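# Descriptive analysis of the structure
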Amino acid sequence: MEGVDFKIVKATIEDDERINKFMEEAYIKHEPLSVSLGLNNAGWSEEDDEGPEILSEGVSLMAVALEGREFETGEILGLCLNGEMSSNDAEILARMAANCKDRKFAKIMAFLSRMDRDANIWGRFDVQRAMGIFVMAVDSRATGRGIGRALMERSRDVARAQGFPMLRVDCTSDFTARICGRLGMDCVHVQPYQLYTDDDGHTVFRPPDPHTHFRMFTQRLDSQQT
C-alpha cells in the first residue's frame with residue numbers, strides 16, 4: 001500500500017471545529033458501540049460537550065497530511081483525544097449516564113462506568129491518575145499506513161513527559177486493541193459484549209465483527225520504559 005506523508009502535532013482548542021467534523025466521519029460512524037446502538041452524530045454532539053475541556057489539557061494529538069497528491073496539506077488524517085483519568089471517573093460517568101437526554105449515549109456512559117469499576121486499576125496498581133486515550137481514530141482513506149500506531153506511540157511519550165504514572169486505553173474496537181498489544185501494553189480487563197446485559201437480561205451491545213470484546217489496556221510509565 002502506498003505510504004502517506006504526515007506529521008503529528010498538538011491538537012488545540014482552535015482545532016475544535018475541524019476535529020468535530022473529523023470525528024463525525026472517522027470515529028462516530030465506525031465506533032462499535034455507537035454502530036451497535038445506531039447512535040448518530042446528533043446524539044454525540046448533544047451530549048458530549050467536553051471536547052474543548054479535553055483539548056485545553058494540551059495532551060491531545062493529530063496526524064495531519066503534508067504536501068502531497070492524495071490529501072490536502074494540513075488535513076486531519078488521525079486523532080488521539082487524550083486527557084487525565086482518575087479514580088473518580090466511574091462516579092462521573094455514572095452521573096453523566098443518569099443525566100443524559102439521549103438514552104443511547106447514556107448506555108455507553110453507563111457501560112464505561114461499569115468497566116472502570118470492574119477493572120479497578122486504581123486499587124490494583126496503586127495509582128491515582130493516568131493519561132487516557134479517549135478517542136483514537138484514523139481517516140478510512142489512510143488506514144493501514146501506521147498512523148494509529150504513530151499517534152499512540154507519541155501519546156505515550158507525551159504522557160511520560162507530563163509525569164503521568166500510567167497510560168490507559170479503553171478499547172471498544174478490536175482494531176485499537178491490536179495496536180495496544182503491539183505496543184506492549186498490558187490487557188488488564190476484558191468484557192465480552194454478549195455477556196453485558198441490562199436489568200432484563202438482554203444483551204445491550206451487538207457490534208459488528210470483529211468487535212466482540214471490550215478490552216482495557218494499561219502501561220506503567222517511567223524513564224526506563226519504551
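In short, a report on the structure.

Cut-offs used in this document
Residues numbered from 1 in each chain as written. Predicted model: local features only at pLDDT ≥ 70, side-chain atom pairs only at ≥ 80, totals over all residues. Heavy atoms only, no water. Helix = DSSP H or I, 4+ residues; strand = E, 2+ residues; numbered from the N terminus. Rg over C-alpha atoms; globule rule 2.2 N^0.38 Å. Buried < 20%, exposed > 50% of the residue type's maximum accessible area, 1.4 Å probe, protein only. Contact = heavy atoms within 4.5 Å. Areas by Shrake-Rupley, 256 points an atom, 1.4 Å probe, with all protein chains shown as cover. Lys, Arg positive; Asp, Glu negative; His and termini not counted. Charge placed at Lys NZ, Arg CZ, Asp CG, Glu CD. Salt bridge = Lys/Arg side-chain N within 4 Å of Asp/Glu carboxyl O. Core = buried A, V, L, I, M, F, W, Y, C linked by side-chain atoms within 4.5 Å. Phe/Tyr/Trp six-rings, centres within 6.5 Å; stacked < 30°, edge-to-face > 60°. Lys NZ or Arg CZ within 6 Å of the ring centre and 35° of its normal. Pairing = 2+ DSSP bridges. Axes fitted to C-alpha atoms, helices over the stretch in contact; angles between N-to-C directions.

A few words on the overall build of the protein. Along its length, the protein carries nine helices and seven strands. For a compact globule of 226 residues, the expected C-alpha radius of gyration is about 17 Å, and the protein comes in at 17 Å, within 12% of that figure. Projected onto its principal axes, the C-alpha coordinates of the protein cover approximately 55 × 40 × 30 Å. Every one of the 226 residues in the protein was classed for burial, and the buried ones make up 50%. Contacts spanning at least 24 positions in sequence make up 77% of the contacts within the protein whose residues lie at least 6 apart. Here the protein has roughly 11500 Å² of accessible surface; of this, 45% comes from carbon and sulfur atoms. The protein carries 27 positive and 38 negative side-chain charges, and their two centres are separated by 4 Å.

Right, let's get into the pattern of salt bridges. Going through the model one piece at a time under the given rule, you end up with 14 salt bridges. One salt bridge connects Arg160 with Asp157, and the closest N-O pair in it is separated by 3.8 Å. Here Arg160 and its partner Asp157 are both found in helix 8 (residues 147-161), three residues apart, which amounts to about one turn of the helix. Note on Arg160: relative accessible area 22%, which makes it partly exposed.

Core analysis: the biggest nonpolar cluster contains 31 residues, and Ile147 and Met152 have the highest contact counts within it. Counting only elements with at least two residues in this core, the list comes to strand 2 (61-65), strand 3 (76-86), strand 4 (129-138), helix 8, strand 5 (166-171) and helix 9 (174-182). Counting residues per element, this core draws most heavily on helix 8, at six residues. Those residues within four positions of Met152 in sequence are excluded, and the remaining contacts are Cys80, Ile133, Met136, Val169, Thr176, Ile179, Cys180 and Leu183.

For the rest of this paragraph, the subject is the packing of aromatic side chains. Following the criterion strictly, the structure yields six aromatic pairs and no others. Centre to centre, the rings of Phe111 and Phe205 are 5.2 Å apart; their planes meet at 75 degrees, and the pair counts as edge-to-face. Of this pair, Phe111 sits in helix 6 (residues 103-119) while Phe205 sits in the loop between strand 6 (186-192) and strand 7 (213-220), and the two are 94 residues apart along the sequence. Since its relative accessible area comes to 1%, Phe205 is described here as buried. Residues Tyr193 and Phe205 carry aromatic rings whose centres are separated by 6.3 Å and whose planes lie at 75 degrees to one another, so their mutual orientation is edge-to-face. Taken together, the positions of Tyr193 in the loop between strand 6 and strand 7 and Phe205 in the loop between strand 6 and strand 7 put the pair twelve residues apart, joining distant regions of the chain. In this pair, the class of Tyr193 matches that of Phe205, namely buried. An aromatic cluster is defined as three or more aromatic residues linked by ring pairs; in this entry it consists of Phe111, Tyr193, Tyr196, Phe205 and Phe214. Between the NZ or CZ atom of Arg129 and the centre of the ring of Phe164, over which it lies, the distance is 4.2 Å.

Sheet architecture is open: seven strands sit in the order 1-2-3-4-5-7-6, paired in mixed fashion. Edge positions in the sheet fall to strand 1 (6-10) and strand 6, since each of these pairs with one other strand and no more. With direction set aside, neighbouring strand axes in the sheet form an average angle of 20 degrees. Pairing geometry for strand 1 and strand 2, over five bridges, is antiparallel. The partner of Phe6 across the bridge, within strand 2, is Ala65. Packing of helix 6 onto the sheet brings it into contact with strand 5, strand 6 and strand 7, and relative to strand 7 it is tilted by some 50 degrees.

It is worth spelling out the pairing of strand 3 at this point. The buried fraction of strand 3 is high, at ten of eleven residues. Pairing geometry for strand 2 and strand 3, over four bridges, is antiparallel. Residue pairing for strand 3: Leu61 is matched across the bridge by Cys80. The pairing of strand 3 with strand 4 spans nine bridges and is antiparallel. Looking at the pairing, Gly83 lines up with Gly132 of strand 4.

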